Amino acid sequence: KANKRLAQLMPSLVRHLHDFCRENEVTVEEWSQSVEFLNECGRMSDDKRNEGQLFWDILGVESLVDEITYKVAADSGEKPTTTAILGPFWRPNAPIYPMGSSTILKDQGGDVTHMHGSVTDFTTGKPITNAEIDIWHTAPNGLYEQQDPEQPDMNLRGRFYTPDSGDYDFYCLRPTPYPIPFDGPAGKFLKLLDRHPMRPAHIHFIISAKGYKPVVTQIFDRRDEWLGNDSVFAVKDSLVVDFAPKQGDEKAGFDLKYDFKLVAV
Ligand code: DHB
Ligand code: FE
């Protein structure tokens, strides 16, 4: 059965692609390089590596469709929690932990952080019970666990469920800036354009709760030198946070408070 949306999209895509080729007088040789590039992305992709997504991301496409989908332009003032791109490293079924636990399964150094805050209804300000906080970030070596045979399965990932108070807290790491994987076609592409592969230090989240729009987002460390220069264009002002030194907690050297505000569906 024909797909209506596809029938609407394809003539437009084809028109833009053809215009692009005409305007730039793209040659057969150049076109065949693009074929090789796409094939290489496909060959490299598996459940640990998502080269197709990486490619769209360095072109800013995921970031753009995120903005279009959630209609959140550069933000200021009181707003619900802003979305950001998912990126290629989310995994389903992260371990479920009780509040107050740690996602760190192996000591590889890094600055342990006690992160806490609340999940509330943006409109009413009321706490949201049983909201799921799904978090993932890299180890201090800049690698997600599925990229790194030295890390235990599901290291630095976890899911937490808010109690009646809507409050949450857990231990994670203050994140590290790192390059997106640049040993494949997307990385080659960046090099040919003289672009760097760095992402500012960030922690990923998906916050979801019954009756609310799920929020896929990331938070960024204000002190990061790559903040204004993210290779995948995901930074938004309201997602930049301050890690504060923490005293009196033998488990953590840093404290981070962040409140998530969801919008009802
Ligand atoms: C991308 C996103 C990430 O969060 C990351 O860690 C690496 C790459 C990306 O958008 O391609
Ligand atoms: Fe990431």
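Residues numbered from 1 in each chain as written. Chains lettered and ligands numbered in written order. Predicted model: local features only at pLDDT ≥ 70, side-chain atom pairs only at ≥ 80, totals over all residues. Heavy atoms only, no water.

**Q** Account for the confidence of the model for the protein, with residues named and values stated.
**A** Overall, the prediction assigns the protein a mean pLDDT of 94, with 97% of residues at 70 or greater. Predicted complex, confidence summary: ipTM 0.93, pTM 0.90. (pLDDT = per-residue confidence, 0-100.)

**Q** An account of the side chain of H137 is requested, with residue identities and associated values reported.
**A** For H137, the location among the structural elements is in the loop between β2 (132–136) and β3 (157–161). Judged by relative accessible area, which is 1%, H137 ranks as buried. At a separation of 3.3 Å, a polar atom in the side chain of H137 contacts the main-chain amide nitrogen of L173. Non-local contacts of H137, meaning those with residues more than four positions away in its chain, are made with T103, Y144, L156, C172, L173, H202 and I203. (Helix = DSSP H or I, 4+ residues; strand = E, 2+ residues; numbered from the N terminus. Buried < 20%, exposed > 50% of the residue type's maximum accessible area, 1.4 Å probe, protein only. Polar contact = N/O pair within 3.5 Å; in protein donor to acceptor, adjacent residues only side chain to side chain. Contact = heavy atoms within 4.5 Å.)

**Q** Please set out the pattern of salt bridges residue by residue, giving values where relevant.
**A** Oppositely charged side chains can form a pair if their charged atoms are brought close together. Applying the stated criterion to the full structure yields 15 salt bridges. Between R91 and E145 there is a salt bridge, with its nearest N and O atoms 2.9 Å apart. Of the two residues, R91 is situated in the loop between α4 (61–70) and β1 (112–121) and E145 in the loop between β2 and β3; the sequence distance between them amounts to 54 residues. Residue R91 is joined to D153 by a salt bridge in which the shortest nitrogen-to-oxygen separation is 3.0 Å. Placement of R91 in the loop between α4 and β1 and of D153 in the loop between β2 and β3 is noted, with a sequence separation of 62 residues between them. Counted as one network, the salt bridges with shared partners bring together R91, E145, D153 and R157. (Salt bridge = Lys/Arg side-chain N within 4 Å of Asp/Glu carboxyl O.)

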